[in-house]
Amino acid sequence: GEMILAVDYVSRELVFHDLEFERLKAIKLPKPNYCGLAIDSDNDTAYIANAGDDSILVIRGLNEPSPVISEISVLRRASGLNRESHVNDLYLCDDKLLFSYFSRSGNYKYNSFDGGVSHFDLTGEELASETIASLWKPHSPRIIDGKLWVLDSMRGRLVSGFRDEAYQ
């Protein structure tokens, strides 16, 4: 039947609920700081953003007894050091996993808010180079009527494209 999936940040679990919000089961997540969630129900797969190390957890076989867990690294320096980009929200559209982040340079803790939205191509397993940038703590990327929209959180605006369109 239909289920509601949610990331429990504190208990580090992906929790499955029925439509009456009764807990059905949970999958333990391997580390802290998981937040954004995207579900590919056609492929029985979940993607979960990790704001702590800028990775995306992949859980394949959500409804299997032993799901397969792997990880995609995004926005990391070549040395493997944490960029502190704060990858947060995910959205799945046409084999692209869009993700928002606070800082492309990794310097948001130093008031450098070069946040944006980029994507990971799930068919070629490659990170996209293009991005919507100069956003201040962006969240919730979505494709609506064929256009990418994202919440520019700290400015309180919903923006699309090259910021020629914004709702305040």
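Up top is the structure.
Here is what the cut-offs are and how they apply
- Residues numbered from 1 in each chain as written.
- Predicted model: local features only at pLDDT ≥ 70, side-chain atom pairs only at ≥ 80, totals over all residues.
- Heavy atoms only, no water.
- Helix = DSSP H or I, 4+ residues; strand = E, 2+ residues; numbered from the N terminus.
- Buried < 20%, exposed > 50% of the residue type's maximum accessible area, 1.4 Å probe, protein only.
- Contact = heavy atoms within 4.5 Å.
- Pairing = 2+ DSSP bridges.
- Salt bridge = Lys/Arg side-chain N within 4 Å of Asp/Glu carboxyl O.
- Polar contact = N/O pair within 3.5 Å; in protein donor to acceptor, adjacent residues only side chain to side chain.

Digging into the environment of Ala-128
So, step 1. By the element assignment, Ala-128 lies in the loop between strand E11 (126-127) and strand E12 (132-135).
So, step 2. A relative accessible area of 8% means that Ala-128 is categorised as buried.
So, step 3. Taking the C-alpha atoms as reference points, Ala-128 and Leu-97, 31 residues apart in sequence, are found 10.0 Å from one another.
So, step 4. Leaving out residues up to four positions away in the same chain, Ala-128 has contacts with Arg-104, Ser-118 and His-119.

As for the pairing of strand E10 (residues 115-121)
So, step 1. Across the seven residues that make up E10, a large majority, six, are buried.
So, step 2. Bridge count for E10 against E11 is two bridges, and the pairing is antiparallel. Looking at E11, one finds that Asp-121 is bridged to Glu-126.
So, step 3. Hairpin connection of E10 to E11: four residues between the antiparallel strands, including Glu-125 at a positive phi of 50 degrees.

Re the pairing of strand E8 (residues 87-93)
So, step 1. Counting buried residues along E8, five of its seven residues qualify, which places the element largely inside the surrounding structure.
So, step 2. Counting the residues that bridge the hairpin from E8 to strand E9 (residues 96-101) gives two residues, and of these Asp-94 lies at a positive phi of roughly 50 degrees.

Observations regarding the pattern of salt bridges
So, step 1. One pass over the full model with this rule turns up four salt bridges.
So, step 2. Across the salt bridge formed by Arg-23 and Glu-13, the nearest N and O atoms sit 3.1 Å from each other. Taken together, the residues span a long stretch of sequence, with Arg-23 in strand E3 (residues 23-28) and Glu-13 in strand E2 (residues 13-17) at a distance of ten residues.
So, step 3. Residue Lys-31 is joined to Glu-71 by a salt bridge in which the shortest nitrogen-to-oxygen separation is 2.7 Å. Here Glu-71 lies in strand E7 (residues 68-73) and Lys-31 lies in the loop between E3 and strand E4 (34-40), a separation of 40 residues in the sequence.
So, step 4. Since its relative accessible area comes to 21%, Lys-31 is described here as partly exposed.
So, step 5. The class for Glu-71 is partly exposed, based on a relative accessible area of 37%.
So, step 6. Among the charged side chains, a salt-bridge network with shared partners connects Lys-31, Asp-53 and Glu-71.

Examining the side chain of Ser-100
So, step 1. Tracing the chain through its elements places Ser-100 in strand E9.
So, step 2. There is a polar contact of 2.3 Å between the side chain of Ser-100 and the side chain of Asn-88.
So, step 3. Contacts of Ser-100, omitting those with residues within four sequence positions, involve His-86, Val-87, Asn-88, Asp-89, Gly-116, Val-117, Pro-138, His-139, Ser-140 and Pro-141.

Topic: the environment of Ser-160
So, step 1. Tracing the backbone through its elements, the reader meets Ser-160 in strand E15 (residues 157-160).
So, step 2. With a relative accessible area of 4%, Ser-160 lands in the buried category.
So, step 3. For the pair Ser-160 and Ile-144, spaced 16 residues apart in sequence, the C-alpha separation works out to 9.8 Å.
So, step 4. One polar contact links the side chain of Ser-160 to the main-chain carbonyl oxygen of Leu-148, over a distance of 2.8 Å.

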